Amino acid sequence: MTARPEGVAIGTSGPHHGQAYGILTIDLDAIVDNWRDLRERCSPAACAAVVKADGYGCGIDPVTSALAKAGCTTFFVADFNEGRRVRRLVPDATIYVFNGLMPGAADNYAKDNLQPVLGSLVELGEWKAFCEATGWSGHAALHVDTGINRLGLRPEQAARLAEHDRFVPRRIDLLMSHFACADEPGHPLNAKQMAAFRDIRGMFPAIPGSLANSSGIFLGPDAHHDLVRPGVALYGANPTPGHLNLMRPVVRLEAGIVQVRDVPQGETVGYGATWTATRPVRLAVVGIGYADGFLRAAGASDQHPGATALVGGHPCPLAGRISMDLLAVDVTGLAHAPSRGDRVTLIGEQITVDTVASHAGTIGYEVLTSLGPRYHRVYRGG
Ligand SMILES: *Cc1c(COP(=O)(O)O)cnc(C)c1O
């Protein structure tokens, strides 16, 4: 990162500007603001940051560093390698690994002082055996399932542990569970999971608890416990779908026009010939595609409109299927036709990650975590 005269730190990664069609700008200050906002909503609970999947596609290194600088001391990652990467950046932070202990790998976790989120009795047994054999005194989290049926001990297994196990109260420093439907506040499973987690915490009264992801935070104080674990909301996606997004947008995706071409009425555009020019049209052919993570399902056909691009500030529809490395934008209506080399905006303040996701029939998470490696990346602030 280098300091600019105006005081805004700018860092870059990926191919050089001018050598990439796609330019991805990540606003680290917005990520930090989102984290602070969520932390305030949950106070007195503490606020961690989930930086798995390369910081939801935004870059695990710059995101982790920016949040650590802002005062975040607890990070969650999905696997061991992500944990090791975060450890290099934040030597003193607490780092939990969601997917738990890989078979036979306990010593690796210990070497980097990573805390596995133990998700089954087998993992708990393996970790306990490792700690007893080596004298390793690091802590771990224990995941208890309350209804998503993904990872975690069943409640009855936790109850049996609570009766006889002495390792858990001494060496587990976080009791964790995960919502299945937190983005649907009215879903009955939310109340069930909150009640189940309350009961389980009652069995281990001395161990701090963590239940809420981004959307879970908005289910209210009963969901907060001691530590919240937001991911997607940090990166600007809406944690309260159907309601105003209270998060600041983080990602801007711009891409260069490879060529502008005219298509006569009646001809079709793109693979499968699924989009027909119903009048003479002018297209801007843009140099990114689904290989860059701009999801193919967001393309347009005669039956379904696709995503929208901003060209010179004006919204223009996509035309035809999205190719691997290219997509076409219908710029017919524009008073000022764009030229080769101009940039269009595909994600930005007016075109949110969630909007692109809805055009692709998916969720903001997938749009973010698909952001590809060919972009020139610009990091602001942090
Ligand atoms: C990914 C993940 C989170 C973060 O979820 P968001 O919905 O992105 O906030 C929290 N907890 C667990 C167990 C996760 O896997």
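What counts, and where the lines are drawn
Residues numbered from 1 in each chain as written. Predicted model: local features only at pLDDT ≥ 70, side-chain atom pairs only at ≥ 80, totals over all residues. Heavy atoms only, no water. Core = buried A, V, L, I, M, F, W, Y, C linked by side-chain atoms within 4.5 Å. Buried < 20%, exposed > 50% of the residue type's maximum accessible area, 1.4 Å probe, protein only. Helix = DSSP H or I, 4+ residues; strand = E, 2+ residues; numbered from the N terminus. Domains from an automatic or database assignment. Contact = heavy atoms within 4.5 Å. Near = heavy atom within 4 Å. Polar contact = N/O pair within 3.5 Å; in protein donor to acceptor, adjacent residues only side chain to side chain. Areas by Shrake-Rupley, 256 points an atom, 1.4 Å probe, with all protein chains shown as cover. Nonpolar A, V, L, I, M, F, W, Y, C, P; charged D, E, K, R; others polar. Axes fitted to C-alpha atoms, helices over the stretch in contact; angles between N-to-C directions. Parallel < 35°, antiparallel > 145°, perpendicular 65-115°, else oblique. Left-handed = near helix turned anticlockwise from the far one by under 90°. Phe/Tyr/Trp six-rings, centres within 6.5 Å; stacked < 30°, edge-to-face > 60°. pLDDT = per-residue confidence, 0-100. Pairing = 2+ DSSP bridges.

A.B. asks: It is not clear to me how the nonpolar core should be interpreted in this structure. Could you clarify?
C.D. replies: Membership of the largest hydrophobic core comes to 122 residues, with the highest contact counts inside it found for Leu 67 and Phe 294. The element that contributes the greatest number of residues to this core is helix α1 (residues 28–42), accounting for 7 residues. Two domains share this core, each providing at least three of its residues, namely domain 1 (28–235) and domain 2 (251–351). Ignoring any residue separated from it by four or fewer positions in sequence, one finds Leu 67 in contact with Ile 31, Val 32, Trp 35, Ala 49, Val 51, Cys 72, Phe 75 and Leu 234.

A.B. asks: Quick question: what am I supposed to make of the site of the ligand here?
C.D. replies: In the vicinity of the ligand lie 14 residues, with Lys 52, Tyr 56, Ser 214, Gly 231 and Tyr 365 positioned nearest. Here an oxygen atom of the ligand sits 2.7 Å away from a polar atom, N or O, in the side chain of Lys 52. Separating an oxygen atom of the ligand from a side-chain N or O atom of Arg 150 is a distance of 3.4 Å. In isolation the ligand offers 390 Å² of accessible surface; the protein chains occlude 94% of this area. Here the shell around the ligand is built from residues that sort into 7 nonpolar, 4 polar and 3 charged.

A.B. asks: Looking at this structure, I do not really get the domain arrangement of the chain. What am I missing?
C.D. replies: Domain boundaries in the chain define domain 1 (28–235) and domain 2 (251–351). Its C-alpha centre places domain 1 at a distance of 41 Å from the equivalent point of domain 2.

A.B. asks: Where do I start with the environment of Leu 283 in this structure?
C.D. replies: Turning to its location among the elements, Leu 283 is positioned in strand β16 (residues 281–286). It is 59 Å that separates the C-alpha atoms of Leu 283 and Arg 201, two residues lying 82 residues apart in sequence. Beyond its immediate sequence surroundings of up to four residues, Leu 283 is in contact with Gln 259, Val 260, Arg 261, Val 263, Val 269, Ala 319, Ala 328, Val 329, Asp 330 and Val 331.

A.B. asks: Is there a simple way to think about the packing of helix α3 (residues 60–69) against helix α4 (residues 80–89) in this case?
C.D. replies: The packing of two helices is summarised by the inter-axis angle and the distance between the axes. Where α3 contacts α4, the two axes come as close as 10 Å, and the packing angle between them is 45 degrees. Judged on the interaxial angle alone, α4 and α3 are oblique. Seen along the crossing, α3 lies across α4 with a hand that is right-handed. Along its contact with α3, which presents Ile 60, Asp 61, Thr 64 and Ser 65, the element α4 presents Glu 82, Arg 85, Val 86 and Leu 89. Looking at the contact of α3 with α4 residue by residue, the classes come out as 3 nonpolar, 2 polar and 3 charged.

A.B. asks: Help me understand the packing of aromatic side chains in this model?
C.D. replies: The geometry of an aromatic ring pair comes down to the distance between the two centres and the angle between the two planes. Taken as a whole and judged by the stated rule, the model has 6 aromatic pairs. Summarising the aromatic geometry, the rings of Tyr 56 and Tyr 365 are spaced 6.3 Å apart at their centres and angled 40 degrees between planes, so their arrangement reads as tilted. Taken as a pair, Tyr 56 in helix α2 (residues 52–56) and Tyr 365 in helix α12 (residues 364–369) lie far apart in primary sequence, 309 residues in all. Ring plane angle 20 degrees and centroid distance 4.9 Å describe the contact between Phe 76 and Phe 98, whose orientation is recorded as stacked. Note that Phe 76 is positioned in strand β6 (residues 74–77) and Phe 98 in the loop between β7 (94–97) and α5 (106–111), a separation of 22 residues in sequence. Grouped by ring-pair contacts, the aromatic residues Tyr 56, Tyr 235 and Tyr 365 constitute a single cluster.

A.B. asks: Looking at this structure, I do not really get the confidence of the model for the chain. What am I missing?
C.D. replies: Low pLDDT marks regions whose predicted coordinates should not be analysed in detail. Counting all residues, the mean pLDDT for the chain is 96, and 98% of those residues have values of 70 or more. Mean pLDDT in the chain bottoms out at strand β1 (residues 2–3), which sits at 43, and peaks at strand β5 (residues 49–50), which reaches 99. This model gives residues 1–5 a pLDDT under 50, and the stretch forms 10 contacts once residues within four places in sequence are excluded.

A.B. asks: In this structure, what is going on with the sheet that holds β7? I would like to understand it.
C.D. replies: Pairing between the strands of a sheet comes from backbone hydrogen bonds, and it takes one of two forms, parallel or antiparallel. Pairing is parallel in the open sheet, where 7 strands are placed in the order β5-β6-β7-β8-β9-β10-β11. Each having just a single partner strand, β5 and β11 (209–210) make up the two edges of the open sheet. Where β7 meets strand β8 (residues 115–118), 2 bridges bridge the pair, whose relative direction is parallel. Looking at β8, one finds that Tyr 96 is bridged to Gln 115. Packed onto the sheet, helix α9 (residues 188–203) meets β10 (172–176) and β11 and runs at close to 160 degrees relative to β10.

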